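Structure assessment
Listed here are the chains, written in short residue letters.
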Amino acid sequence: MGSKHLGADINLAWPTAQIAVMGASGASNIVHRKTLAAANERGEDVNALRAKLDQDTRTPCSTPT
């Protein structure tokens, strides 16, 4: 992984490599995995919590000030 933000000047990959961009939903699932697992153990509605966390992740990104 690399980006201009991390200081990478060039990215190299094998000819058969696949490059993809992760969406907000996938990133939110990874970042909040412990929170979601704890909510699941407590018997809370994980899908509702996931939707709230997704929205909290998207709002600052899609509406910069």
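Analysis parameters
- Residues numbered from 1 in each chain as written.
- Predicted model: local features only at pLDDT ≥ 70, side-chain atom pairs only at ≥ 80, totals over all residues.
- Heavy atoms only, no water.
- Helix = DSSP H or I, 4+ residues; strand = E, 2+ residues; numbered from the N terminus.
- Buried < 20%, exposed > 50% of the residue type's maximum accessible area, 1.4 Å probe, protein only.
- Contact = heavy atoms within 4.5 Å.
- pLDDT = per-residue confidence, 0-100.
- Salt bridge = Lys/Arg side-chain N within 4 Å of Asp/Glu carboxyl O.

1. Some remarks on the side chain of Ser-28
Assignment of secondary structure puts Ser-28 in helix H1 (residues 24-31). The exposure class of Ser-28 is buried, given its relative accessible area of 3%. The contact partners of Ser-28, leaving out residues within four places of it in the chain, are Leu-53, Asp-54 and Thr-57.

2. Here's the deal with the confidence of the model for the protein chain
Low pLDDT marks regions whose predicted coordinates should not be analysed in detail. Looking at the protein chain, pLDDT values average 81 and 83% of them are 70 or higher. When mean pLDDT is taken per element in the protein chain, helix H2 (residues 33-41) scores highest with 94 and helix H3 (residues 46-62) scores lowest with 81.

3. Re the pattern of salt bridges
Under the defined criterion, the tally for this structure stands at 2 salt bridges. Between Glu-44 and Arg-42 there is a salt bridge, with the nearest N and O atoms lying 2.8 Å from each other.

4. Details of the side chain of Asp-54
With respect to the helices and strands, Asp-54 occurs in helix H3. Ignoring any residue separated from it by four or fewer positions in sequence, one finds Asp-54 in contact with Ala-24, Ser-25 and Ser-28.

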